[in-house]
Amino acid sequence: MKTHQFFLLPLLFLTGFPTADSISPNETKPKQAKLPKIKKENNVLLLKKSNFDRALKETKYLLVEFYVSLSQSSQNSSEEFAEAAQQLKKESPRIQFGKIDVTHQHDLRKQFNIRELPTVKFFVDGSREDPIDCKGVRQASAFITWVKRRTGPSTVLINSTDQAEAIINADNLAGIGFKELHNDSVEVFCETARDVPEMPFGMTASEDVRANYSIQKNTLVVFKKGKPVHNEVPEDGRQNKLDLTRLIKTFTLDLVTEYNLEISVKIFDIPAENHILLFTPTNSETLNVIYENYESAAPEFRGKVLFVLVDTNETRNGQVFEYFRIREVDVPAVRILNLTSDAKYKMPADEVTVENLKEFCQSYLNGKAKLHLSSEEIPEDWDKTPVKVLVGKNFNRIVSSTTMTVFVMFYTPWSYDRRKLLPIWDKLGEQYESCKDIIFVKIDVTANDILSVGLDRYPFLRFFPAGPDYQEVAYAGEHTLEAFSEFLEEQSKTKAEPGEKDPSGGIKEDLSQKETTTEKEEL
């Protein structure tokens, strides 16, 4: 053992002790420089590509608003967002709020597929994968409730009638689930509560509480102003979260909602794809009778069809009239709109009665209502300019040509982006005017119904290669002459294989181009 110790001593002197030159008596160990704190504005983190990952790493829960600074809707949302951040600052410090101006942060916008503005996403445990969408939330109080329900319980467990009364009378609306706590529908109920922050939710298995309200088991009851207004009993004991969310959210609006620019945000935030619209002047002598009939027909279709009233005397509703092609001589008029397909249906009967309205809605839900397709007349000079003008009556004939490639711009007249794109589109048509195998066209989708094309944010572009078997291509590049030319050159080199299908929607998307998105335009 001693021999081993003598062998180790020289090694200790060489490696185990510092030399005289390595550390001076006055020298201290260097400290690692601290990163400056991420800047905040009104208690909201100012995020960008360079600090986003760091913010995720330092934060357990991060609610992020993607916005554009010049948008009025973004500004309104940002004010409520900041107010919510202020209120939660001391109450829940582990929850942080951040915002990203996508005007300058294109990479983050593209990475998280931000297509509507403002958009709010919730990041948990530092992960940037699959953030939770915070949809339909606009008020500070709703932001607070939404994030609390994502970080804690979404419902209150009720054990007494007093507890139930406190929740029912705490706000204008309340949802109470009379459930067996081991029932499978409990999870659906709790998930739904997370997505409807506009009202409090409670759940009870108490026989005494259920007996007090004379409610059967496994029933959801919506209370309004302290009184039950709807009982929902799931068929076969099963519930669908989307259907339940849609139903409950309709109670945040009136049975018949009058359309205006402010309320449109709430209307479109409800996940209801079927809207019925009554167009009538609100100062009409017959309004009271028509409105009473319209309101009487609505309860039967709650959660299935959203009833909306549009005042034809309100000039700010002009875009809606234009979209539905409603003329003064048409009113009162009733239309159904499917938001998914953009298909429109006209009520066959002229008289707005309860019976006619119910028959129209039921016929539509049964798939028997006739589509209402509109088309402008074909202009005499439709093909006399470098960019041709298509309407509903000649669209299919032109784009299905087997010998001519067609590049189409679908637009709405009121779109700001359309006004920017139109002169560029005209120049593109002039640039390729000598090419005999391709034409450039435009079509006003507010005056012409085209159901053969999957709709997108307006204006949008579709490329139809010549030949009977080629798929249309969705253009997703920048709206510049250079980008259009590069796209056309690429398409001429690599045509889609005949019969090739895109699994997501039946059209082939141009993934080589940089995606551009625009702020959501409400009707």
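This structure is a prediction, so every number in the text was calculated from the model and none was measured.

S.K.: Teacher, can you tell me more about the confidence of the model for the protein chain here?
M.R.: Low-pLDDT stretches of the model should not have their predicted coordinates read in fine detail. For the protein chain, per-residue confidence averages 85 on the pLDDT scale, and residues scoring 70 or more make up 85% of the total. When the criterion is pLDDT under 50, residues 1-23 qualifies, and its contacts beyond four places in sequence or with other chains add up to 3 contacts. Throughout residues 496-523 the model reports pLDDT below 50, and contacts reaching past four residues in sequence, or to other chains, amount to 75 contacts.

S.K.: Explain the side chain of threonine 155 here, please?
M.R.: Along the polypeptide, threonine 155 turns up in the loop between α5 (140-151) and β7 (156-157). The exposure class of threonine 155 is buried, given its relative accessible area of 14%. When sequence neighbours within four positions are dropped, the list of residues in contact with threonine 155 reads Phe189, Cys190, Ala193, Phe201 and Met203.

S.K.: I keep staring at the environment of isoleucine 424 and nothing clicks. Help me out?
M.R.: Counting through the fold element by element, isoleucine 424 comes out in helix α15 (residues 416-431). Separated by 56 residues in sequence, isoleucine 424 and threonine 480 place their C-alpha atoms 6.8 Å apart. The residues touching isoleucine 424, leaving out its near neighbours within four places in the chain, are His479, Thr480, Leu481 and Phe484.

S.K.: Is there a simple way to explain the sheet that holds strand β10 (residues 219-224) in this structure?
M.R.: Remark on secondary structure: sheet strands pair via backbone hydrogen bonds, oriented parallel or antiparallel. The strand order β7-β9-β8-β10-β11 describes an open sheet built from 5 strands, whose pairing is mixed. Here the strands that pair on one side only, and so sit at the sheet edges, are β7 and β11 (227-232). In this structure, β10 lies alongside β11, joined through 5 bridges in antiparallel fashion. Note that in β11 the partner of lysine 224 across the bridge is lysine 227. Of the strands in this sheet, β8 (173-178), β9 (201-204) and β10 touch helix α7 (residues 185-195), which is tilted by about 165° from β9. Seen against the sheet, helix α9 (residues 241-250) touches β9, β10 and β11 and runs at an angle of roughly 160° to β11.

S.K.: What is the right way to read the packing of α15 against helix α16 (residues 481-493) from this model?
M.R.: Their axes nearest at 10 Å, the elements α15 and α16 cross at an angle of 45°. Judged by the angle between their axes, α15 and α16 are oblique. Helix-helix and strand crossings are classified by hand; for α15 and α16 the assignment is right-handed. Contacts from Leu421, Ile424, Trp425, Lys427, Leu428 and Gln431 in α15 reach Leu481, Phe484 and Ser485 in α16. Among the residues forming the contact of α15 with α16, the class breakdown is 6 nonpolar, 2 polar and 1 charged.

S.K.: Explain α15 to me, please; I cannot follow it from the model alone.
M.R.: Helical geometry: 3.6 residues make up each α-helical turn, so side chains three or four residues apart lie on a common side. Over its 16 residues, α15 runs 24 Å from end to end, which matches the ideal 22 Å to within 8%, given 1.5 Å per residue. Remark: the principal bend of α15, roughly 30°, maps to leucine 422, with a proline, proline 423, within the next four residues. When we look at burial in α15, the residues that qualify are Asp417, Arg418, Leu421, Leu422, Trp425, Leu428 and Gly429. Buried positions along α15 lie against β17 (387-389), β18 (405-411), β19 (438-444), β20 (460-464) and α16.

S.K.: What should I look at first to understand the packing of α5 against α7 in this one?
M.R.: The relative placement of two packed helices comes down to the angle between their axes together with the axis-to-axis distance. The contact between α5 and α7 brings their axes to 8 Å, and the two run at 145°. Listed contacts from α7 to Trp146, Arg149 and Arg150 of α5 are Glu191, Ala193, Arg194 and Asp195. Across the contact of α5 with α7, the residue classes tally to 2 nonpolar, no polar and 5 charged.

S.K.: Explain the pairing of strand β4 (residues 95-101) to me, please; I cannot follow it from the model alone.
M.R.: A regular strand places its side chains on the two faces of the sheet in alternate fashion. Counted residue by residue, β4 has 7 buried out of 7 residues, so it is predominantly covered. Residue alternation in β4 divides its side chains into two sets, Ile95, Phe97, Lys99 and Asp101 and Gln96, Gly98 and Ile100, and both sets are buried. Examined bridge by bridge, strand β2 (residues 44-46) and β4 share 2 bridges and lie parallel to one another. Paired with leucine 45 across the two strands is glycine 98, which belongs to β4. As paired strands, strand β3 (residues 61-67) and β4 are joined by 7 bridges and run parallel to one another. Bridge pairing links valine 64 to glycine 98 in β4.

Cut-offs used in this document
Residues numbered from 1 in each chain as written. Predicted model: local features only at pLDDT ≥ 70, side-chain atom pairs only at ≥ 80, totals over all residues. Heavy atoms only, no water. pLDDT = per-residue confidence, 0-100. Contact = heavy atoms within 4.5 Å. Helix = DSSP H or I, 4+ residues; strand = E, 2+ residues; numbered from the N terminus. Buried < 20%, exposed > 50% of the residue type's maximum accessible area, 1.4 Å probe, protein only. Pairing = 2+ DSSP bridges. Axes fitted to C-alpha atoms, helices over the stretch in contact; angles between N-to-C directions. Parallel < 35°, antiparallel > 145°, perpendicular 65-115°, else oblique. Left-handed = near helix turned anticlockwise from the far one by under 90°. Nonpolar A, V, L, I, M, F, W, Y, C, P; charged D, E, K, R; others polar. Expected span 1.5 Å × (residues − 1). Bend = angle between axes of the 7 residues up to and from the residue.

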